[in-house]
Structures are given as C-alpha cells and as structure tokens.
Amino acid sequence: MRFTNQTAATNFLLLGLSSDPELQPVMFGLFLSIYLVTMVGNLFIILAIILDSHLHTPMYFFISNLSLTDLFTSTTTIPKMLVNIHEQNLTITFAGCLSQACFAMLFASLECCLLAAMAYDRYVAICYPLRYTVIMNWRLCILLIIFSLLSSSVNALLLSLTVLWLSFCKDLEIPHFFCEITQVIKAACSDIFINNILIYIAGLTFGGITFAGIIFSYTEIVSSVLKISSVQGRFKAFSTCGSHLSVVSLFYGTGLGVCISSAVTDSPRMTAVATVMYTIVTQMLNPFIYSLRNKDMKEALKKLIGRMTFLC
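Here goes a summary of the coordinates provided.

Criteria and cut-off values
Residues numbered from 1 in each chain as written. Predicted model: local features only at pLDDT ≥ 70, side-chain atom pairs only at ≥ 80, totals over all residues. Heavy atoms only, no water. Helix = DSSP H or I, 4+ residues; strand = E, 2+ residues; numbered from the N terminus. Rg over C-alpha atoms; globule rule 2.2 N^0.38 Å. Contact = heavy atoms within 4.5 Å. Areas by Shrake-Rupley, 256 points an atom, 1.4 Å probe, with all protein chains shown as cover. Lys, Arg positive; Asp, Glu negative; His and termini not counted. Charge placed at Lys NZ, Arg CZ, Asp CG, Glu CD. Axes fitted to C-alpha atoms, helices over the stretch in contact; angles between N-to-C directions. Parallel < 35°, antiparallel > 145°, perpendicular 65-115°, else oblique. Left-handed = near helix turned anticlockwise from the far one by under 90°. Nonpolar A, V, L, I, M, F, W, Y, C, P; charged D, E, K, R; others polar. Disulfide = S-S within 2.5 Å. Buried < 20%, exposed > 50% of the residue type's maximum accessible area, 1.4 Å probe, protein only. Core = buried A, V, L, I, M, F, W, Y, C linked by side-chain atoms within 4.5 Å.

**Concerning the overall build of the protein**
Phase 1 of the analysis: The helix and strand inventory of the protein stands at 11 helices and 3 strands.
Phase 2 of the analysis: Along the protein, from the amino end to the carboxyl end, the secondary structure elements read β-α-α-β-α-α-α-β-α-α-α-α-α-α.
Phase 3 of the analysis: The C-alpha atoms of the protein give 21 Å as radius of gyration, which agrees with the globular expectation for 312 residues (20 Å, within 12%).
Phase 4 of the analysis: By its C-alpha atoms, the protein is 70 × 50 × 35 Å across when sized along the principal axes.
Phase 5 of the analysis: Considering only intrachain contacts with a sequence separation of at least 6, the fraction spanning at least 24 residues in the protein is 79%.
Phase 6 of the analysis: Surface exposure of the protein reaches about 16200 Å², of which carbon and sulfur atoms provide 70%.
Phase 7 of the analysis: Separation of charge centres in the protein, based on 17 positive and 15 negative side chains, amounts to 13 Å.

**Thoughts on the packing of helix 1 (residues 24-51) against helix 2 (residues 58-87)**
Phase 1 of the analysis: Between helix 1 and helix 2, whose axes approach to 9 Å, the crossing angle comes to 160°. With respect to helix 2, the element helix 1 is oriented roughly antiparallel. In this structure, the crossing between helix 1 and helix 2 has a hand that is left-handed.
Phase 2 of the analysis: The class makeup of the residues in the contact of helix 1 with helix 2 is 19 nonpolar, 8 polar and 1 charged.

**Considerations on the packing of helix 5 (residues 138-163) against helix 7 (residues 193-225)**
Phase 1 of the analysis: Interaxial distance between helix 5 and helix 7 falls to 10 Å at its minimum, and their mutual angle equals 165°. In terms of orientation, helix 5 lies roughly antiparallel with respect to helix 7. The element helix 5 and its partner helix 7 pack so that their crossing is left-handed. Where helix 5 approaches helix 7, its residues S151, S152, N155, L159, T162 and V163 are matched on the opposing element by N195, L198, I199, A202 and F206.
Phase 2 of the analysis: Tallied by class, the residues present in the contact of helix 5 with helix 7 amount to 6 nonpolar, 5 polar and no charged.

**Examining the state of the cysteines**
Phase 1 of the analysis: With the rule as written, the count across this model stands at 1 disulfide.
Phase 2 of the analysis: The disulfide partner of C97 is C179, and the gap between their sulfur atoms is 2.0 Å. Classification of the bridge connecting C97 and C179 rests on its S-S torsion, roughly -115°, and on that basis the disulfide is left-handed. Pair noted here: C97 is in helix 3 (residues 94-127) and C179 is in the loop between strand 3 (172-174) and helix 6 (181-186), with a separation of 82 residues, a long-range link.
Phase 3 of the analysis: A disulfide-free cysteine, C102 has its sulfur positioned 12 Å from the sulfur of C97, the nearest such atom.
Phase 4 of the analysis: Accessibility expressed as a relative area gives 13% for C102, which makes it buried.
Phase 5 of the analysis: Take C141: it sits in no disulfide, and the sulfur closest to it among the cysteines is that of C113, at 15 Å.
Phase 6 of the analysis: Given the relative accessible area of 0%, C141 is considered buried.

**With respect to the nonpolar core**
Phase 1 of the analysis: By size, the foremost hydrophobic cluster in this structure holds 71 residues, and its most contacted members are F12, I63, L115 and F168.
Phase 2 of the analysis: When residues of this core are assigned to their parent elements, the largest contribution, 20 residues, is made by helix 3.
Phase 3 of the analysis: Counting residues in hydrophobic clusters, the runner-up holds 17 residues, among them F31, I78, F177 and V276.

Right, dumping it as structure tokens:
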C-alpha cells in the first residue's frame, strides 16, 4: 500500500447514512426540513430575547448564546450533506473536511460549556437568591462566554492541527454524513495513538468536567429546594430549571448513546445514525423545549410574531 503525505490527500468520500438511491430524495427532504425548522426556531428564540427587555437577564443571555451555537452546529453539517445528496457526489476536499471537523468540535465543546454555565446560573439563582444580581453580573456572564469560546476554539484547533501530522492513503472513505474527527483519523495510514489520547482528554475535559459541574449544581439546587417548606415554593423553584434539565438530558443522553453505539457495534453506519440525534435533532428540539416550558418565552414569542404579522 502506497502512503501519501497529508498535503497530497485531495478528497475524502462522505458515505452518508445510506447508499440506497431510493432513500436519497427522502433523506434530502427530511434533513432540509430539519435544517429549516432548526434555523427558524433558534432565530425566533434569539430575536425574541433581543427585542424583549424583560428577557435581558443572565438566564436568557445564555439561552440566546445556546441557540446561536445550535444554528452554527447545524450549519456545519447539514448543508454539505444536502449538497452531496442533491449532486450525488460524495466528495469533500481535505481542507473542507478538516475545517468541518474543527467547527463541529468547536460548537460541540461550546455547547457543553454553555450548559454548564446555565447550570451555575440556576444554582446561584436558587441557592443565593438575594445575592444573585451581585454574583451573576454582566461582566461575569460575558467572561464565561469568552472563556467558553476561547477554550473550545483552542481544543478544536489543537485536535484539527494534529491531523496534519498524519499520512493518508488514497480513496479515503468516511462512513459518516460529516467529517467527524474520530472517523477522519481512522482513515489515516500512520499511527493515531497520540490523536486518540488527545481526543479522550478533550472528551473528559469538555464532556466529563462540564457534566460533573452540572451534577454538582443540581445536587446543591435539590438540597436547597427541599429546605423550602411550601409545596408551591418548591414547584416554583424547580420550574425555573425544567427547560435546562430537559436540554441537558437530551444533549448528554444522545451523546452517551453515540458513545455506547460506537462501543457495542462494529457498524460505522449505526454510529452515524446515532450521531444524527446528537448533532442534528437536539439542535432542532431545543427551541421547542424553551418555548413550550417557559411562560416568559411564550409571551416574548407571541409579541415577536405579532410584530412580524403587523409588518407584513
């Protein structure tokens, strides 16, 4: 087998979710619909928060950033998949593949950080309500976003740049619908031990540590809520966490499903199908979770729709 330098590797082949020609139109329509719903839903959340002064609080500030992250996450993967299906062309350039893998890691890491920051916000709001405005000031909120973005960017760039060390064979096939970093390095012909170690470290850092922070926050929240004497007071306290808990369960639950599927099955296609829930469906459902479970968000969306109807 002849090896080529990474700069000589011109194209990868994204095999997608299915090679059945009859399913291609169905998949194109399905994922186009999912993408449009994701874009519209998250844009409505962002606009509603921006235009409603009552929602200019740390909690909704983080929600708007989460929606923006979901927009970018979906845009990183779905459009290229739609183009490949429409043109019946599976190829993606080496540079394009590496860029897609980098952005996919960036936004996945950023989502983990944002969910942890939102858990901390709820922890302060419930456990230290009298000091909430002092602790969760705008300076801290902006610093949390900047730190999350910088750390996620460094992680994504580091893992992407290490791919440049590898050598690749010709006719590079990736059994996935986008350039997922683990699948990319599996296509390499050189030793990938260091790359795998770095991926595991990144997974533990952004997946494990952030999830541990969320668990700690909610352990403290539950402990504080149980000290409230009235049932109505407990319900009101828990209700402010309902949407966030739903999003966390969906995001980490589907992420765990991807890890389990990759561990128990040798079929990359099955792992790719599981990844759809993690990288596409979750981003589509998040706006519905926040709009359906949040009274203030419902009112803001009604006002936004009313303004748009009046303008039209």
